[in-house]
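Notes for the structure review
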Amino acid sequence: MTRILLTGFEPFAGAPCNPSWDAVKIVGETWSGAAELVTARLPVEFGGAADALASLVRRHTPDAVVAVGVAEGRAAITPERIAINLADATIADNAGARPVDEPIDVEGPAAAFSTLPVRAMVEAVTAAGLPASLSLSAGAYVCNHVMYESLVRIARDVPAVGFIHVPASSEMLLAPSVPTLPVQRTAAGLTLCLKVVVDHLHPPLPTT
Ligand code: PCA
């Protein structure tokens, strides 16, 4: 059976929660798609997150890896198109690391494209009345790092690998001007994204 590894992140930057994990947890508890779903929570640490993902990939040998993180300020569910070979943090990660202007992999490519069906994912989510759009930048913090490492190194033989940023939630207690999406809606959008991934790996037979 097809197996999907879906990850969210622990809280960081003093926030009480991280809607990426809150939503991933709901997706795991309610999933009824045609694939086995494994969910896990990653640390917000350069290096630590990639190491945790690498051991999950070794242990579960998934057919798809979908990592999810929060992007404060975004109002939509945003599949990332590309990860760049740059670690440039404006705040320290949860282990105190704060790389500035550093390549992730000195010998690696400048960038790597998502191998998820990102456009079809956006179409499925918007068709359900939920906010979604394609993103051209995963930033240069831990999320971009995990996406880059998974595409270039950790899961390079896995057929569908990528990253989705989700909006903040009201539970994060951020300034009222920061857009939020209820985690139940984020979870519904992520579930639709995963169903598109399953169809992409195993296209349904045409009904004639
Ligand atoms: N968002 C951060 C790291 C963890 C998370 O949920 C990011 O966008 O890099």
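The present account deals with the structure reproduced in this document. (Residues numbered from 1 in each chain as written. Predicted model: local features only at pLDDT ≥ 70, side-chain atom pairs only at ≥ 80, totals over all residues. Heavy atoms only, no water.)

Structural notes on the packing of helix α2 (residues 48-60) against helix α4 (residues 142-154)
Selection criterion: Angles shown run from 0 to 180 degrees and are taken between the N-to-C directions of axes, each axis being a line fitted to C-alpha atoms and, for helices, limited to the stretch in contact. Under the DSSP-based scheme used, a helix requires at least four consecutive residues in state H or I and a strand at least two consecutive residues in state E, with every element numbered from the N terminus. To sort the angles, those under 35 degrees are grouped as roughly parallel, those over 145 as roughly antiparallel, those from 65 to 115 as roughly perpendicular, and the leftovers as oblique. The handedness criterion is simple: a crossing whose near helix is rotated anticlockwise from the far helix by less than a right angle is left-handed, and one whose near helix is rotated clockwise is right-handed. Only heavy atoms enter the contact rule, under which two residues are in contact if any of them lie within 4.5 Å. By the convention adopted, Pro, Cys, Tyr, Trp, Phe, Met, Ile, Leu, Val and Ala count as nonpolar, Lys, Arg, Asp and Glu as charged, and the other residues, Gly among them, as polar.
It is at 9 Å that the axes of α2 and α4 come closest, and there the two elements cross at 40°. Taken together, the axes of α2 and α4 lie oblique to each other. Judged by the sense of rotation from one axis to the other, the crossing of α2 with α4 is right-handed. Facing α2, whose interface residues are A49, A50, L53, A54 and V57, α4 presents V142, H145, V146, E149, S150, R153 and I154. Looking at the contact of α2 with α4, its residues break down into eight nonpolar, two polar and two charged.

A closer look at the pairing of strand β7 (residues 160-166)
The condition that has to hold: The buried label applies to any residue whose accessible area, calculated with a 1.4 Å probe on protein chains only, is under 20% of its type's maximum; exposed applies above 50%, and partly exposed to all values in between. Between any two strands, at least two bridges found by DSSP are needed for them to pair.
Most of β7 sits out of view: seven of its seven residues are buried. Here β7 shows no split at all, with A160, G162, I164 and V166 on one side and V161, F163 and H165 on the other all buried. Two strands pair when backbone bridges link them, and strand β3 (residues 64-70) and β7 are joined in this way by seven bridges, in the parallel orientation. Paired with V70 across the bridge in β7 is V166. Pairing of strand β4 (residues 78-79) with β7, which is carried by two bridges, proceeds in the antiparallel orientation.

A few points about the side chain of S20
Basically, it comes down to this: Two N or O atoms form a polar contact when they lie within 3.5 Å of each other; inside protein one atom must be a possible hydrogen donor and the other a possible acceptor, and for residues adjacent in sequence the pair counts only when both atoms belong to side chains.
Looking at the element boundaries, S20 is found in helix α1 (residues 19-30). Here F9 takes part through its backbone nitrogen, which lies 2.9 Å from a polar atom of the side chain of S20. A distance of 2.7 Å separates the side chain of S20 from the side chain of N18, its partner in a polar contact.

Observations regarding the site of the ligand
For clarity, the threshold we go by: In these notes, residues near a molecule or strand are those with any non-hydrogen atom within 4 Å of it. Computed by Shrake-Rupley with a 1.4 Å probe, the accessible areas treat only the displayed protein chains as cover when residues are assessed.
Surveying the vicinity of the ligand reveals the residues F9, F12, N18, V44, G69, V70, Y141, V142, C143 and H165. Measuring from an oxygen atom of the ligand, one finds a side-chain N or O atom of N18 at 3.0 Å. At 2.9 Å from an oxygen atom of the ligand is found a main-chain nitrogen or oxygen belonging to C143. Isolated, the ligand exposes 260 Å² of accessible area, and the fraction of that covered by the protein chains is 94%. Those elements that place two or more of their residues in the shell around the ligand are β3 and α4. For the shell around the ligand, the residue count by class is seven nonpolar, three polar and no charged.

Re the packing of α1 against helix α5 (residues 183-201)
At their nearest, the axes of α1 and α5 sit 8 Å apart, and the two run at 60° to each other. Our classification of the angle between α1 and α5 gives oblique. The interaxial crossing formed by α1 with α5 has right-handed handedness. Residues P19, D22, A23, V24, I26 and V27 of α1 pack against V183, Q184, T186, A187, L190, T191 and L194 of α5. Of the residues contributing to the contact of α1 with α5, the split by class is nine nonpolar, three polar and one charged.

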